[in-house]
Amino acid sequence: MTDITAGTSEPVLATGTSGRAQKRARPPRKPRRPLRPRTLFAAVAAYLVAIIFIVPYLDMFVTAMRPINELQQPNILPHHWTWSNFSTIWSTGFGASFRVSLEVAAGSTVLVLLVALPAAYYTARKQFRGRSVFLLLVLVTQMFQPPAMLVGIYKEFLSFNLLNTVFSLILVNAGFNLAFAVWILNAYFSSIPVELEDAAMVDGTSRLGALVRITLPLALPGVVTALIFSFIAAWNEFIVALTLNTTPNTQPLTVNINGYIGQYQIDWGHLFAGSVIATVPVIILFAIIEGKVVSGLTAGSVK
Amino acid sequence: MKRTLIGATAIVAVGTMALSGCGGSSSTSSGKSGGTTTLKLVAADYGTGPANTSSKYWASVADAFHKANPTITVNVQVVTWANFDTTVQTMVQNKQYPDITEGDYFSNYAQQGLLYPASKVLSNPGNLLPAFKAQGSYKGVQYGMPFTTSSRTLFYNKKLFKKAGIMSAPKTWADIQTDASKIKALGDTGFGLPLGSEEGQAEALLWMLGNGGGYQNSSGKYTINSPQNIQTFQFLKKLVAAGDTEPNPANKMRTDQWQQFAQGKVGMINGSPALVPIIESAKVLKDSDWTSVPIAGKNGPLTKTLGVSDNVAAFKTDGTKAAAIKKFLDFTYQDTYQLKFDKEYDLLPATTSAAKALASDPIFGPFLTALPHSIQYPSDTAWAQVKTNIQQNIGTAVTGDPKTVLDSIQAKASAN
Amino acid sequence: MTRLARALGPVPWLLPAVALIGLVVLWPVVVLFKTSFQNISPDGFVNGWAGLGNFRALFAEPALLSVVLRTVVWVVVVVAITMVLGLMLAQLFNVEFPGRKAARWALIAPWAASVMMTSLIFRWALDYTSGPINILLKDLGIVHSLGTNQTDWLGRPVAAFIWMMGVAVLVSLPFTIYALLAGLQTIPADLYEAARVDGADSWRMYRSITLPLLRPAFTVALLINVINIFNSFPIIWEMTRGQPGSSTSTTTTFMFQLKQAFIGESASMSVLNFAMVIVIVLVFLKVTRWKEQVN
């Protein structure tokens with residue numbers, strides 16, 4: 001049991017199917033016990049919970065479909081439904097913001113993985129002076145969040161002359177999402193027996209080859225977790241983008257959508273239509289990637 | 001229209017300016033090539049969408065101007081209101097000055113000698129509405145030139161009034177009290193009182209004026225906890241406690257209350273011309289269902305109401321463009337363009353001649369008559385902080401003890 | 001390998017990470033500390049040093065103490081409810097039942113949508129005249145009429161704060177549940193078999209097998225939640241602005257309120273926030289004996 005408690009950082013969030021890299025943790029699938037009423041109860045309870053989680057967002061959708069003159073009417077569903085909020089929003093620079101969001105989220109996620117993978121791998125495999133200092137630094141970074149540091153961030157990018165650029169947002173998002181990625185990847189690499197790599201190296205593969213062919217596939221759930229985490233965080237980031245980028249064609253969706261909160265009125269219809277459109281890519285990403293985790297795991301059993 | 005920025009913008013805009021005032025390269029392009037001059041204009045966007053964005057307005061002005069003056073080109077950058085302050089401040093920080101701004105006006109730029117005085121860039125600065133002169137002035141010289149203005153009046157829902165059996169417009173606080181309670185009896189909100197951070201400083205001032213109070217006395221000293229002001233909030237507290245307003249006005253936003261009025265659910269509310277398009281777009285109230293009158297005071301309607309302006313400022317940049325700027329501003333301040341702007345955005349003119357031209361308009365008339373006598377917010381350097389403090393805390397004066405709250409705001413104001 | 005080569009060994013692997021952290025995270029912290037000792041005008045001009053003036057002004061704020069205490073309540077209550085609910089829901093969604101995949105999908109909605117959007121949805125849904133939640137409550141007979149004090153949840157400080165804590169729990173749950181689900185899957189099934197053979201009931205198995213083995217995942221989720229909730233800005237900002245007064249503010253939103261015009265004082269509020277974060281980190285390290293674990 002000691003080996004399990006040994007990592008504060010046992011892989012978290014390994015998506016639905018299975019988060020295990022180790023062989024020992026894969027029990028044979030057991031036939032279901034005949035506890036039907038209990039399963040039924042669990043299913044009903046779970047559906048209820050799922051509905052509670054989804055209802056606010058359904059309401060967001062419903063409100064986006066409400067004609068403006070029905071906005072304040074006391075019925076939960078509108079009498080008429082309209083798609084006009086969804087169609088008119090594209091004529092407002094929404095598309096450009098969509099692209100910015102995509103660039104920032106994808107760019108910062110790639111940067112995070114490029115920077116975090118070597119650091120996590122090295123700290124998982126090697127003992128060296130400064131290792132715990134490094135890990136502590138990473139942990140502390142996790143504690144600091146942009147809202148508290150806007151003044152400093154702004155001043156810094158002003159002096160680099162990088163205001164109103166997508167690049168600055170990529171950098172900041174990568175910086176603040178790095179900690180979690182290092183952390184989770186470190187945990188995953190630690191959980192993969194070094195013997196697997198050694199064995200491959202005996203067969204004549206280089207260390208790098210072993211890392212790429214053996215370790216990385218096994219760590220795929222961790223990589224995917226880090227990836228989702230940074231993508232979602234960057235996609236939804238608002239405050240830094242609002243501060244650094246003031247020109248419309250460099251503002252991501254969150255800032256664009258917030259623009260519907262106007263000086264004199266709040267345009268709830270467009271606000272929520274934009275929000276719905278902004279949420280869809282994240283859900284799709286999640287859907288695609290959950291499958292990849294499973295196949296990655298199977299493909300990863302190079303033995 | 002010093003709008004209160006929604007979202008985190010204001011804060012960020014201002015917060016991010018905690019900079020040492022340096023940084024960036026100082027590349028002020030002269031904008032002159034081959035005998036032509038290029039002017040850079042940064043303007044706030046008053047539109048509610050692509051259909052009526054201010055880009056359109058400014059493009060038409062700039063084109064017409066260029067036709068008349070082929071040697072001068074005006075490049076226009078229109079920025080959403082939420083981003084206007086940050087954009088201008090960033091440009092100034094980077095020393096990449098625009099030539100002209102239209103929107104918020106920053107008095108410290110005048111203080112630092114970055115701006116041309118109005119007399120250098122306008123042929124007839126005397127045509128600017130005198131009521132707004134002090135606000136744009138530093139040491140007696142006017143730098144900020146009002147471009148568009150607005151004043152506050154009392155809107156009321158005639159349909160609800162009729163239903164409640166009220167025959168005449170409210171003129172005094174007593175009227176407001178009785179009318180509001182009658183409307184409340186119908187199940188609607190009597191008086192919409194947005195004292196939340198969005199626009200609390202305006203709402204509070206309108207009531208203070210009704211009792212001969214205000215934020216400052218005639219010599220510019222803050223008098224927020226004056227006996228008149230305390231009495232005002234004691235009255236409001238009673239009004240709130242009786243349920244004659246919306247519930248819990250202390251954190252209610254103007255956007256929401258205006259929306260409620262437009263939906264026909266509020267009997268009376270203080271508004272500006274900007275409320276008109278909101279009423280129209282909600283399609284609940286017909287033009288004959290509402291009207292606007294001078295704001296009710298304790299003993300009678302206000303003769304002086306709150307007026308606010310957005311201003312034009314001209315930056316010196318390399319010091320060679322004053323003549324070009326003057327030509328352009330003279331062109332822009334013609335009555336035609338003033339009125340075109342005001343029609344488009346339901347705002348009021350900023351020049352005496354344009355105001356005269358609009359005086360007979362049925363909707364804008366009442367606002368315009370109020371304009372020349374309007375009261376402005378304080379214009380001293382402490383105001384930004386005082387305003388923030390009022391916006392944050394004034395609402396608690398109708399839930400807690402009015403005197404305590406006003407005392408504490410005053411204490412912070414006079415500490416500056 | 002020489003000593004030097006060994007000492008430099010980690011550099012190529014770690015340098016990019018250290019550089020990025022230094023550039024994006026640590027530099028702004030330094031700037032912020034500096035700002036907290038500066039005298040800054042509301043529109044951003046630095047007028048020399050303020051000494052301890054900003055801190056003095058901050059500690060003279062009548063609202064400060066209640067804001068700090070409210071922050072503690074906010075973090076403790078939200079995180080506690082999130083973790084307890086998270087444990088229960090992870091257990092529930094670990095049971096195999098038909099349609100589990102779809103149900104798990106629903107769970108990620110509050111995570112996929114930005115917190116700002118979720119907060120705005122609730123601000124809308126709690127509107128005192130026409131918010132869907134109030135309409136529903138009225139249809140259920142829980143509230144009597146719309147547009148009254150009763151339906152004005154966000155206008156009453158205590159009610160508003162409770163609703164906002166609810167939203168905070170909602171947006172924190174997806175990550176927590178998934179973290180705990182992953183933790184549950186690392187527990188070998190044979191342990192349960194063995195315990196069942198020994199005649200243990202489910203509650204006992206939960207207490208003596210599940211909970212101890214779930215500890216690593218639990219600790220990670222706990223820490224991330226504490227940090228995120230402590231730093232949470234959009235929920236309170238979008239729903240009440242921390243008003244009336246500062247009566248629904250936490251230190252993070254209070255800092256933003258100050259930032260509108262009192263920039264130096266706001267920076268000193270940030271510094272105070274950092275101090276609190278450091279305390280949380282120290283407590284965390286102590287409780288989890290982190291150092292022993294990484295080695």
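Given the structure is predicted, the values throughout are model-derived calculations rather than measurements.

## Let's talk about the overall build of chain A
Then, in step 1: Of regular secondary structure, chain A possesses 13 helices and 0 strands.
Then, in step 2: Counting the 303 residues in chain A, one finds 50% classified as buried.
Then, in step 3: Considering only residue pairs separated by 6 or more positions, chain A has 78% of its internal contacts joining residues 24 or more positions apart.

## Focus on the UniProt feature "transmembrane region" (unreviewed entry) in chain A
Residues and elements named next belong to chain A.
Then, in step 1: Annotation from UniProt places "transmembrane region" (unreviewed entry) at residues 39–58, 104–122, 134–154, 166–189, 210–235 and 268–289.
Then, in step 2: In residues 39–58, helix accounts for 100% and strand for 0%; the two terminal C-alpha atoms are 27 Å from one another.
Then, in step 3: Helix makes up 100% of residues 104–122 and strand 0%, with an end-to-end C-alpha separation of 27 Å.

## Some remarks on the domain arrangement of chain A
Many analyses report the size of an interface as the accessible area lost when the parts associate.
Residues and elements named next belong to chain A.
Then, in step 1: According to the domain assignment, chain A contains domain 1 (33–82) and domain 2 (93–263 + 271–299).
Then, in step 2: Domain 1 and domain 2 are separated by 32 Å when their C-alpha centres are compared.
Then, in step 3: If you look at the interface, domain 1 gives 4 residues, while domain 2 gives 4 residues.

## As for the interface of chain C and chain A
Then, in step 1: At the interface, 85 residues of chain C touch 83 residues of chain A.
Then, in step 2: Counting residues per element, the side of chain C that touches chain A draws most heavily on helix H2 (residues 11–35) of chain C, at 15 residues.
Then, in step 3: In terms of residue class, the side of chain C that touches chain A is built from 61 nonpolar, 18 polar and 6 charged.

## Structural notes on the UniProt feature "transmembrane region" (unreviewed entry) in chain C
All names here are of chain C.
Then, in step 1: Residues annotated in UniProt with the feature "transmembrane region" (unreviewed entry) correspond here to residues 12–33, 72–93, 105–126, 160–181, 213–237 and 267–285.
Then, in step 2: Between the end C-alpha atoms of residues 105–126 the distance is 26 Å, and the span holds 82% helix and 0% strand.
Then, in step 3: Taken end to end, residues 213–237 has its terminal C-alpha atoms 38 Å apart, with 92% of it in helix and 0% in strand.

## Focus: the sheet that holds strand S9 (residues 189–192) of chain B
All names here are of chain B.
Then, in step 1: With mixed pairing, the 4 strands of this open sheet are ordered in space as S9-S10-S8-S11. Each edge of the open sheet is held by one strand with a lone partner, namely S9 and strand S11 (290–293). Neighbour-to-neighbour, the strand axes of the sheet open up by a mean angle of 15 degrees, direction not taken into account.
Then, in step 2: Here 3 bridges tie S9 to strand S10 (residues 266–271), and the two strands are oriented parallel to one another. Bridge pairing links Phe191 to Met268 in S10.

## A closer look at the UniProt feature "domain: ABC transmembrane type-1" (unreviewed entry) in chain C
Then, in step 1: UniProt records the feature "domain: ABC transmembrane type-1" (unreviewed entry) for residues 68–284 of chain C in the present numbering.
Then, in step 2: In residues 68–284 of chain C, the share of helix is 75% and the share of strand is 0%. The end C-alpha atoms are 20 Å apart.

## Some words on helix H10 (residues 254–262) of chain B
Residue pairs spaced three or four apart in an α-helix point in one direction, given the helix's 3.6 residues per turn.
All names here are of chain B.
Then, in step 1: Within H10, 9 of the 9 residues are buried, leaving the element largely enclosed by the surrounding structure.
Then, in step 2: Looking at the buried side of H10, the elements it contacts are strand S8 (153–157), S9, S10 and helix H11 (275–282).
Then, in step 3: Immediately downstream of H10, the backbone of Gly264 shows phi near 80 degrees, a positive value.

## What to know about the packing of H2 of chain C against helix H14 (residues 263–288) of chain C
Residue and element names in this part refer to chain C.
Then, in step 1: Running from N to C, H2 and H14 point in directions that differ by 125 degrees, and their axes come no closer than 8 Å. On the basis of the axis angle, H2 is oblique to H14. Handedness of the H2/H14 crossing: left-handed. Here Leu32, Phe33 and Thr35 of H2 come into contact with H14, specifically with Gly264, Ala267, Ser270 and Val271.
Then, in step 2: Across the contact of H2 with H14, the residue classes tally to 4 nonpolar, 3 polar and no charged.

## Observations regarding the nonpolar core
Across soluble globular proteins, nonpolar side chains have a tendency to be buried as a group.
Then, in step 1: Ranked by size, the top nonpolar core spans 232 residues in total, and within it Ala116, Leu178, Val182 and Leu185 of chain A together with Leu180 of chain C carry the most contacts.
Then, in step 2: Ranked by residue count, the leading element in this core is helix H7 (residues 166–191) of chain A, at 18 residues.
Then, in step 3: Excluding residues within four positions of it along the chain, Leu185 of chain A makes contact with Ala116, Leu117, Ala120, Ala219, Gly222, Val223 and Ala226 of chain A.
Then, in step 4: Counting residues in each nonpolar core, the second largest holds 57 residues, with Leu41, Leu122, Met145 and Leu371 of chain B among its members.

## Things to note about the UniProt feature "domain: ABC transmembrane type-1" (unreviewed entry) in chain A
Then, in step 1: Within the UniProt annotation, "domain: ABC transmembrane type-1" (unreviewed entry) is assigned to residues 98–289 of chain A.
Then, in step 2: Counting secondary structure, residues 98–289 of chain A comes out at 78% helix and 0% strand; the distance between its end C-alpha atoms is 21 Å.

## Details of the confidence of the model for chain A
Residues and elements named next belong to chain A.
Then, in step 1: Confidence in the prediction of chain A, expressed as mean pLDDT, is 79, and 84% of residues score 70 or more.
Then, in step 2: Across residues 1–26 the pLDDT falls below 50, and counting only partners more than four positions away or on other chains, this stretch makes 79 contacts in the model.
Then, in step 3: Between residues 293–303, whose pLDDT stays under 50, and residues either more than four places distant or in other chains, the model counts 18 contacts.

## A word on the environment of Met167 of chain B
Then, in step 1: Along the chain, Met167 of chain B turns up in the loop between helix H6 (158–163) and helix H7 (173–185).
Then, in step 2: Look at Met167 of chain B and you get exposed, because 6 C-beta atoms sit within 10 Å.

Cut-off values and rules
- Residues numbered from 1 in each chain as written.
- Chains lettered and ligands numbered in written order.
- Predicted model: local features only at pLDDT ≥ 70, side-chain atom pairs only at ≥ 80, totals over all residues.
- Helix = DSSP H or I, 4+ residues; strand = E, 2+ residues; numbered from the N terminus.
- Buried ≥ 20, exposed ≤ 12 C-beta atoms within 10 Å, placed from the backbone.
- Contact = placed C-beta atoms within 7 Å.
- UniProt positions renumbered as here; feature names shortened; annotations may be inferred.
- Domains from an automatic or database assignment.
- Nonpolar A, V, L, I, M, F, W, Y, C, P; charged D, E, K, R; others polar.
- Pairing = 2+ DSSP bridges.
- Axes fitted to C-alpha atoms, helices over the stretch in contact; angles between N-to-C directions.
- Parallel < 35°, antiparallel > 145°, perpendicular 65-115°, else oblique.
- Left-handed = near helix turned anticlockwise from the far one by under 90°.
- Core = buried A, V, L, I, M, F, W, Y, C linked by C-beta atoms within 7 Å.
- pLDDT = per-residue confidence, 0-100.

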